[in-house]
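Fold and geometry: a report
One-letter residues, chain by chain:
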Amino acid sequence: MLSEERILQLINEDKLSEKKRKALEGQKYYDAVHDILNFRMFYFNADGQLVEDKIRSNSRICHPFFTELVDQEVQYMLSNTESFILSKEKDDALQGYLDTYFDDDFISELSDVLTGAVSKGFEYMYAYKGSDDRLHFQCADSIGVVEVRQKESDDGCEYVIYWYIDRIDKDKKKIKRVQVSDKNQTWFYVQIEDGKLELDKDEEINPRPLYMYTKDDSGEKFWSPLGFVPFFRLDNNRKQTSGLKTVKGLIDDYDLMACGLSNNLKDFDTPLHVVKGFQGDNLDELAVNLKTKKMIGVDPEGDVEIRTVDIPYQARQAKLDLDEKNIYRFGMGFNSAQLGDGNVTNVVIRSRYALLDLKCNKLEKRLKAFLKKILKVVLNEINQEHETDYQLTDIEFDFTREVMTNATDNAQIELVEAQTRQTDVNTFLNLQTAIPEETFLKAICEVLDLDYDDLKDALESESQDELDKAITTLDSVVPDDEGGDADEQKTEDSSKAVVAE
C-alpha cells in the first residue's frame, strides 16, 4: 500500500508534468480562457524606461472557436445514440441487458468523457457498484487522476490516485478528497489546503472493498474483488494530445486581430480639432467649450478644422476572415457561417462535413476500443448473474452520424427510387409467364424489400387454410348415412374435385 507521503509526492509530480500542463491548457481554452486575457501593452517613456501603457484601450475578448470544435465533434459522434451498442443476432434478452447498463445516464457520462478526451487529450471513466447491485459508470476528470505503475513500461496500473476539490469551507480553505484504488479496494483520504493527508473518518469502512453486498436479512456485509482497477481511459490520439494543438496559434492570432481592431475603434472614435488663433488661456478651456458650448472664440485670422482618422480595418478584416477559415480547416470542423452560391444540395452539405467526418472516424476507432474494455466487465457481470455465456463477438457498434439534408433533394430522391421500383415490378410482371414462379417471387421480394421465406410460408399457410375450409364445407353438405355405392362414389368424386381445385 502507498504511504501518505508517497501519495502526496505522486500528486505533486503529476501536477508539474508536461502532459497535465497541456491538458490544463486545453481545458482553459474550452472554457474560453485564452492567452489574450494576459495581454499587456508597453511603451518607452521620456526617460527611456519600458512602462505599461494603461491609458490606451486594451480589449481582451476571447473567441471560443475551440469550444465549438470540441462540441461539434462530440455531438456529431453521439448524434444517434438511441441504441449504439447492439446484439448481432438480434437477441432480445441480451439487448435488454445492454439497454439496462448503457442507458441515458451512461450516454451523458460518455459525452463528458468524450469532451474531456478531445479538449484535454485523455479522459477517464470510473466504474462502481450501485445500490441496485450492478455496475455504474461515471466520468472522472483526468486532471485529478494519477496512474501508478511498478515500471513505466507496464501496460496495467497497480494503483490509481484520484483527487478533487470537494468544497471550500467558511475560512476559505480548500477541502481536498483523495481516493487510492487497486483491484480489490479503495482508500479514502482528506487534506485541508496543503496540510497533512489523513484517512477520511467520515467513511464507515476505510479501506472499502470495490464490491460490497448483503447476503441475507441479517444485514451482514460481504465483499468480493472486482478483479480490475475501476478506471478506464479514453485517449484522443496516440500521443494523448489535445485537439487544441493544431489551432491554438490561429485562435490566438484571431483574438489579437479582433481586439486590436476594437482598440483602434475605441481610441479613434472622436474627431481631431485643429484650432488656429484660439482666444483663451489654456487647452482645457478649449476642450470644455467644445464639449459643452459647442463653440470657441478665435481671432480674425483664426480657424477651426475638424479632421478624422481613417482606420485601416480592411487589412484586419481580411486577416480575421483568413484565420477563421483556417481554424475550421485545420481544426477539421464544420463552419456553419460558410456561405455558398445558394445551391445547397445534399452533395454540398456532405462536402462541408468531410473534415469533421475524417476526425470522427479516427476518434470512433479509439472509442470502440474503449467501450470494449467496459463491455468486457459488463458481460462478465451479466453472465455471472444470469448464467449466460455472452462474448464480445456477440456485440456490434452502430455509430451512424446524422447530417442535415436538403428536404427538396430527399423528396426528389424518394420519387426517383419509387419510379425505379415501379419500372422493375412492371418488367417482372410482363415476364411472369416466362420464368419459374419461385424465381418470380424472389425477384419481386428483392425489389420491394420483402422477406422471401416469410412470404412463402404465408402463401403456403393460406392455401392450406382454404383447402381445409373447402373440405369442412363439403362434409357439412353430404349426409352421414349408410347410402349405396353411388352416394359414396359421388362423395369421393366431389372430394377429389375440390382437392384438384
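Above this note sits the structure.
All values derive from a computational prediction rather than experimental measurement.

It is worth spelling out a nonpolar patch on the surface at this point. A surface patch of nonpolar side chains, amounting to about 350 Å² of accessible area, comprises Phe42, Phe44 and Leu50. Along the polypeptide, Leu50 turns up in strand 2 (residues 50–52).

Turning next to the side chain of Asp357. As for its placement among the helices and strands, Asp357 is situated in helix 10 (residues 354–386). You can call Asp357 buried: its relative accessible area is 14%.

Turning our attention to unusual backbone geometry. Here the bond from Asn206 into Pro207 is cis, since omega is 5°, no more than 30 degrees from zero. In this structure, Pro207 sits in the loop between strand 10 (198–199) and strand 11 (208–209). Unusually for a residue other than glycine, Met332 sits at a positive phi of about 55°. Tracing the sequence through the fold places Met332 in the loop between helix 8 (313–330) and helix 9 (346–352). For Met332, a relative accessible area of 18% gives the class buried.

Time to look at the sheet that holds strand 5 (residues 135–140). Within a beta sheet, neighbouring strands are joined by backbone hydrogen bonds and run either parallel or antiparallel to one another. An order of 5-4-14 is seen for the 3 strands of this open sheet, with the pairing classed as antiparallel. Each having just a single partner strand, strand 5 and strand 14 (231–235) make up the two edges of the open sheet. Strand-to-strand, the axes of this sheet are offset by a mean angle of 25°, without reference to chain direction. The sheet contact formed by strand 4 (residues 122–129) and strand 14 spans 5 bridges and is antiparallel. Each bridged residue has a counterpart across the sheet, and for Tyr124 the counterpart in strand 14 is Arg233. This element, helix 5 (residues 104–120), spans strand 4, strand 5 and strand 14 of the sheet and lies at about 150° to strand 4.

On to the packing of helix 2 (residues 18–30) against helix 5, then. Between helix 2 and helix 5, the shortest axis-to-axis distance is 8 Å and the interhelical angle comes to 110°. For the element pair helix 2 / helix 5, the angle class is roughly perpendicular. Contact residues: helix 2 offers Ala23, Gly26, Gln27 and Tyr30, while helix 5 offers Thr115, Ser119 and Lys120. Residue classes in the contact of helix 2 with helix 5 are distributed as 2 nonpolar, 4 polar and 1 charged.

With 33 residues, helix 10 extends 44 Å from end C-alpha to end C-alpha; this agrees with the ideal 48 Å at 1.5 Å per step. At the exit of helix 10 stands Glu387, carrying a positive phi of roughly 55°.

Right, let's talk about helix 12 (residues 437–448) for a bit. When the terminal C-alpha atoms of helix 12 are compared, their 17 Å separation across 12 residues agrees well with the 16 Å that a helix rising 1.5 Å per residue should span. Listing the buried residues of helix 12 in full gives Phe440, Leu441, Ala443, Ile444, Cys445 and Val447. Asp449, located one to two residues past helix 12, shows a positive phi value of around 60°.

On to the packing of helix 3 (residues 65–77) against helix 10. In contact at an axis separation of 10 Å, helix 3 and helix 10 are set at 65° when each is read in the N-to-C sense. Remark: the crossing between helix 3 and helix 10 carries right-handed chirality. Each of Leu69, Gln72, Glu73, Tyr76 and Met77 in helix 3 lies in contact with helix 10, whose residues at this interface are Leu356, Asp357, Lys359, Cys360, Leu363, Glu364 and Leu367. Here the residues of the contact of helix 3 with helix 10 sort into 7 nonpolar, 1 polar and 4 charged.

Thresholds, definitions, all that
- Just so you know, the residues in each chain are numbered from 1, in the order the chain's sequence is written.
- Totals for whole chains, interfaces and linings use every residue, but because this is a predicted model, local features are given only for residues with pLDDT of at least 70 and side-chain atom pairs only at 80 or more, for both listing and counting.
- Side-chain figures throughout are based on the complete set of non-hydrogen atoms in the structure, without hydrogens or water.
- Every patch collects residues that have over 30% relative accessible area and no salt bridge, joining them within 9 Å if they carry like charges and within 5 Å if they are nonpolar side chains (Val, Leu, Ile, Met, Phe, Trp, Tyr).
- All accessibility values rest on the Shrake-Rupley procedure with a 1.4 Å probe; residue burial counts only the protein chains present in the view.
- By definition, a salt bridge exists where a carboxyl oxygen of Asp or Glu is found within 4 Å of a side-chain nitrogen of Lys or Arg.
- Helix and strand definitions follow DSSP, with helices as H or I runs of at least four residues and strands as E runs of at least two, each counted in order from the N terminus.
- Working definition: with a 1.4 Å probe on protein chains only, accessible area under 20% of the residue-type maximum means buried, over 50% means exposed, and in between means partly exposed.
- One bridge is not enough; two strands pair if DSSP finds at least two bridges between them.
- Here the axes come from fitting lines to C-alpha atoms, over the contacting stretch only for helices, and the angles between their N-to-C directions go from 0 to 180 degrees.
- Any two residues whose heavy atoms approach within 4.5 Å are treated as being in contact.
- Angular relationships are summarised with four words: roughly parallel below 35 degrees, roughly antiparallel beyond 145, roughly perpendicular across 65 to 115, and oblique for the angles in between.
- Residue type decides the class: Asp, Glu, Lys and Arg count as charged, Ala, Val, Leu, Ile, Met, Phe, Trp, Tyr, Cys and Pro as nonpolar, and the leftover types, Gly among them, as polar.
- For a helix, the expected span equals 1.5 Å multiplied by the number of residues minus one.
- The sense of a crossing depends on the near helix, which, turned anticlockwise from the far helix by less than a right angle, makes the crossing left-handed and, turned clockwise, makes it right-handed.

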